[in-house]
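Architecture and fold: a report
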Amino acid sequence: MLRLLTVVLLAGVALLGTVAPARAHNVLIGSDPEDGARLATAPEKITLTFDQAVRQGFAQITVTGPDGTRWEEGKTAVNGEKASVAVRPLGPAGEYVVGYRILSSDGHPVADTLKFTLTAPGPGTASQPATDPPPTAAPPSTPDLSAQAAEAAQNGGAGMAVVWIVGALVVLGGATVVALRRTRDREEAK
Amino acid sequence: MTAGGSGTAPEGSGTAPGEGGTAAEGTAPGGAGVATATGPGIGRTGGPEGAGALPAWGLVAGAVSAVLVATAFGAAEAVPGIALPGPLVEYGLPVLRVLLDLAAVAVVGLSFLPRLLGFDDPDRTEPVMRRARPLAVSFAWAWAVLALLTIVFLTAELNAGAVPTPGMVAEYVNEVGAGQGLLFSAACALAYAGIGLLAVRFGEKVPAELRIVIALFGLLPIPVTGHAVESVWHDPIMISMELHVLGAAAWTGGLAVIALLVARDRELLARVLPGFSRLATLALIVVGVSGLVNGLATMALTPGVALPGDLLSSEYGLLVLVKVALTALLVPLAAQIRFRLLPRIERREGTAVAGWAAAEVTVMGMAYGIAVALTTAQIPPA
């Protein structure tokens, strides 16, 4: 038994080298502006710094004003440990909430909020956000057709693989049920 | 695919080995007769399924309730402007994860069963194994399906607000280590199901060690889906984590399977339990030490955590403390079986061992539930 466990463990250690190793949840270690900061001039950009690299492609940062208006502009950019988003010129004075959701290097999404207060009103108006679609991970509702086709071509093969795997599993599962049932019937027939 | 191929093969060529099976099984019904005659009649006659399944229900109920409470306790607060996963994903994912763990635990326990029973007295052990082998195949299937479903739910969690498409699932597996780990685990489970089906047909001619190794192999990628820490201590922590997972699965699975399948037969129980008791003592030490090392090291290496104090102020620290408490609760339960019941069991006396084992397994199930919540808990204090 002990020898068996040793073999399993050694094999496991070898395996860990090939499977991408788990890493920790990313932890926010700093931000610009800082959480709870009181600012007289509006920031042009929100930058969040984590303790380790942020995964590309899934990061979202939002800025929500005192009246619920959204102020971030464009997509969130990821550069190593830093995720940032541009901010339109802010409007009314008051408390702004920065929300974020990033994919940790260990594969878990991490979401949280921080706040800063604008002490003097800026020139921005809230008229813009209607044209500014909220950046979500979901594909936009009216995607460009050519972009959609390109995505389908890119994902089509992999997506079909998923469908094939599910189909194969259904067939194998059915076969297993039949095999188990026949064995039982034969035993009961004895 | 290869796993399934080997799984269906005996069915296709079913007629030929069928004859071999007939000879082997000819002795088995006689064995069943012996077991019923000498075994304690209570287990077999009066409502055996309801009372006999108590440890299994305890395990599942403990795990699911613990994971739901822990998930509600650690529920993410709304972030303005960002779509968070809906309640189906928020609560469904941890429940799926813990059921996946339990299916794997059942497979591991059923794999160890032939080793625990020994091969010297097939007349007595074969009836138990004839119930255990199809169960192992079913649980291996449950393991594989739950692992794949978990991948779909993880994809839905990441792409909050959208229904996952096959393309998104494929992208998730491609991008995230947890997806690859679960896929590997599902493949091991399917391979196990195939080999388990061979064992259903051919009995112990299929080596028990092979099944144990494949089952344990399928467990290895599971910690990849939790978190360890990026540092020079990464590899030692991962090894400690693997020991934790393997030890817990062998302990919980072994105890649950003995309570469910062996406890009714006093003679068999008297042969099996002393050996398992030694294994359980070893497992208690390994699981306890490795768990403490993992929990404390992960916290200590996370920036912004001041250790003794943050055990109480962070979600992760509190869950670690709950697990320590549950492990401490296991000690008297295990000691009761080891020191009070075991001498009487060895004298072939009737005992309430199934009830005590059910209590112990329920606590283990709760520990599994907390473990799942721990993999996604926030480490730094809020």
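The name recorded for chain B in an unreviewed UniProt entry is Copper resistance protein CopD, from Planobispora rosea. The heading Subcellular location (unreviewed entry) in the UniProt record of chain B holds the text "Cell membrane".

In the nomenclature of an unreviewed UniProt entry, chain A corresponds to CopC domain-containing protein from the organism Planobispora rosea. The heading Subcellular location (unreviewed entry) in the UniProt record of chain A holds the text "Cell envelope".

Re the overall build of chain B
From N to C terminus, chain B includes 15 helices and zero strands. Within the span of chain B, comprising 382 residues, buried residues form 54% of the whole. Here the analysis covers contacts within chain B between residues at least 6 apart in sequence; of these, 76% occur between residues at least 24 apart. With an accessible surface of roughly 14,900 Å², chain B has 70% of that area assigned to carbon and sulfur atoms.

With respect to unusual backbone geometry
Glycine aside, negative phi is the norm for most residues, and most peptide bonds take the trans geometry. Cis geometry marks the peptide bond from A:Asp32 to A:Pro33; its omega dihedral reads 0°. Inspection of the secondary structure puts A:Pro33 in the loop between strand 1 (28-32) and strand 2 (37-39).

Some thoughts on the packing of helix 5 (residues 54-73) of chain B against helix 15 (residues 353-376) of chain B
Residues and elements named next belong to chain B. Packing of helix 5 against helix 15 brings their axes to within 7 Å, and their N-to-C directions diverge by 30°. The orientation of helix 5 with respect to helix 15, classified from their angle, is roughly parallel. Handedness of the helix 5/helix 15 crossing: right-handed. Together, Leu54, Pro55, Gly58, Leu59, Gly62, Ala63, Ala66, Val67 and Ala70 of helix 5 and Ala354, Ala358, Val361, Thr362, Gly365, Met366, Gly369, Ile370, Val372 and Ala373 of helix 15 make up the contact between the two elements. Residue classes in the contact of helix 5 with helix 15 are distributed as 14 nonpolar, five polar and no charged.

Focus: the nonpolar core
Ranked by size, the top nonpolar core spans 114 residues in total, and within it B:Leu113, B:Val262 and B:Leu273 carry the most contacts. The biggest single contributor to this core is helix 7 (residues 122-158) of chain B, with 16 residues. Beyond its immediate chain neighbours, meaning those up to four positions away, B:Leu273 contacts B:Ile258, B:Ile337, B:Leu342, B:Ile345 and B:Val353. Within the second largest apolar cluster, 23 residues are counted, among which are A:Ile46, A:Leu48, A:Ile102 and A:Leu118.

Some words on the sheet that holds strand 4 (residues 60-64) of chain A
Residue and element names in this part refer to chain A. Pairing within the open sheet is mixed, and its four strands lie in the order 2-8-7-4. In the strand order of this sheet, the two ends are held by strand 2 and strand 4, each with one partner. Averaged over all adjacent pairs, the angle separating strand axes in this sheet is 25°, with direction ignored.

Analysis parameters
Residues numbered from 1 in each chain as written. Chains lettered and ligands numbered in written order. Predicted model: local features only at pLDDT ≥ 70, side-chain atom pairs only at ≥ 80, totals over all residues. Heavy atoms only, no water. UniProt positions renumbered as here; feature names shortened; annotations may be inferred. Helix = DSSP H or I, 4+ residues; strand = E, 2+ residues; numbered from the N terminus. Buried < 20%, exposed > 50% of the residue type's maximum accessible area, 1.4 Å probe, protein only. Contact = heavy atoms within 4.5 Å. Areas by Shrake-Rupley, 256 points an atom, 1.4 Å probe, with all protein chains shown as cover. Axes fitted to C-alpha atoms, helices over the stretch in contact; angles between N-to-C directions. Parallel < 35°, antiparallel > 145°, perpendicular 65-115°, else oblique. Left-handed = near helix turned anticlockwise from the far one by under 90°. Nonpolar A, V, L, I, M, F, W, Y, C, P; charged D, E, K, R; others polar. Core = buried A, V, L, I, M, F, W, Y, C linked by side-chain atoms within 4.5 Å. Pairing = 2+ DSSP bridges.

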